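Fold and geometry: a report
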Amino acid sequence: MEPAEMKLMMNMLKIAIHQEREFTSDESKNFNDLFVKIIENKIISNTKKI
(Lines give C-alpha, C1' and ligand atoms only; values in the text may rest on other atoms or scores of the structure.)
Protein backbone atom coordinates (compact mmCIF):
# COMPACT_ATOMS: atom_id res chain seq x y z
CA MET A 1 0.00 0.00 0.00
CA GLU A 2 2.71 2.49 0.99
CA PRO A 3 4.82 2.33 -2.17
CA ALA A 4 1.79 3.30 -4.28
CA GLU A 5 1.10 6.38 -2.15
CA MET A 6 4.77 7.36 -2.14
CA LYS A 7 4.98 6.98 -5.92
CA LEU A 8 1.85 9.10 -6.39
CA MET A 9 3.25 11.81 -4.09
CA MET A 10 6.55 11.84 -5.98
CA ASN A 11 4.73 12.10 -9.32
CA MET A 12 2.65 15.01 -8.02
CA LEU A 13 5.83 16.81 -6.94
CA LYS A 14 7.64 16.09 -10.22
CA ILE A 15 4.75 17.46 -12.28
CA ALA A 16 4.46 20.65 -10.24
CA ILE A 17 8.23 21.21 -10.32
CA HIS A 18 8.37 20.51 -14.07
CA GLN A 19 5.55 23.00 -14.67
CA GLU A 20 7.30 25.50 -12.31
CA ARG A 21 4.19 26.08 -10.24
CA GLU A 22 2.85 25.50 -6.76
CA PHE A 23 0.19 22.94 -5.91
CA THR A 24 -3.40 23.99 -6.36
CA SER A 25 -5.51 23.74 -3.20
CA ASP A 26 -6.95 20.40 -4.41
CA GLU A 27 -3.48 19.00 -5.13
CA SER A 28 -2.25 20.20 -1.76
CA LYS A 29 -5.14 18.48 0.02
CA ASN A 30 -4.58 15.24 -1.92
CA PHE A 31 -0.85 15.35 -1.14
CA ASN A 32 -1.53 15.92 2.55
CA ASP A 33 -4.13 13.14 2.63
CA LEU A 34 -1.63 10.69 1.12
CA PHE A 35 1.01 11.77 3.64
CA VAL A 36 -1.39 11.27 6.56
CA LYS A 37 -2.39 7.84 5.20
CA ILE A 38 1.28 6.76 5.06
CA ILE A 39 1.94 8.03 8.61
CA GLU A 40 -1.18 6.31 9.96
CA ASN A 41 -0.16 3.04 8.28
CA LYS A 42 3.31 3.29 9.84
CA ILE A 43 1.83 3.89 13.30
CA ILE A 44 -0.62 0.99 12.91
CA SER A 45 2.05 -1.42 11.66
CA ASN A 46 4.47 -0.37 14.44
CA THR A 47 1.76 -0.76 17.09
CA LYS A 48 0.94 -4.27 15.89
CA LYS A 49 4.57 -5.32 16.45
CA ILE A 50 4.39 -4.48 20.16
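As a reminder, the structure under discussion sits directly above these lines.
What counts and how
Residues numbered from 1 in each chain as written. Predicted model: local features only at pLDDT ≥ 70, side-chain atom pairs only at ≥ 80, totals over all residues. Heavy atoms only, no water. Helix = DSSP H or I, 4+ residues; strand = E, 2+ residues; numbered from the N terminus. Core = buried A, V, L, I, M, F, W, Y, C linked by side-chain atoms within 4.5 Å. Buried < 20%, exposed > 50% of the residue type's maximum accessible area, 1.4 Å probe, protein only. Contact = heavy atoms within 4.5 Å. Salt bridge = Lys/Arg side-chain N within 4 Å of Asp/Glu carboxyl O. Expected span 1.5 Å × (residues − 1). Arc of directions from axis to C-beta.

Concerning the environment of H18
- Within the secondary structure layout, H18 lies in helix α1 (residues 2–18).
- It is 16 Å that separates the C-alpha atoms of H18 and K7, two residues lying 11 residues apart in sequence.

Points about the nonpolar core
- Within the largest apolar cluster, five residues are counted, these being M9, M12, F31, L34 and I38.
- Secondary structure elements with two or more residues in this core: α1 and α2 (25–49).
- When residues in this core are grouped by element, the largest group, three residues, is from α2.
- Other than its neighbours up to four places away in sequence, M12 contacts F23, E27, N30, F31 and L34.

Examining the pattern of salt bridges
- The final tally for this structure, using the stated rule, is three salt bridges.
- For R21, the salt bridge goes to E27, with nearest N and O atoms at 2.7 Å.
- On the accessibility criterion, E27 (21% relative accessible area) is partly exposed.
- A salt bridge links K29 to D33; the shortest N-O distance between them is 2.7 Å.

Digging into the side chain of E5
- By secondary structure assignment, the location of E5 is in helix α1.
- By relative accessible area, E5 is classed as buried at 8%.
- Once you skip the residues sitting within four places of it in the chain, E5 turns out to touch L34, K37 and I38.

Looking at α1
- Over its 17 residues, α1 extends 24 Å from the first C-alpha to the last, a length consistent with the 24 Å expected when each residue adds 1.5 Å.
- Where α1 is concerned, the buried positions are E5, M9, M12 and A16. Along the long axis of α1, the arc covered by the buried residues comes to 60°, so they all point the same way. Projecting away from the buried face of α1 at angles above 90 degrees are the exposed residues P3, A4, K7, K14, I17 and H18.
- The secondary structure elements touched by the buried residues of α1 are α2.

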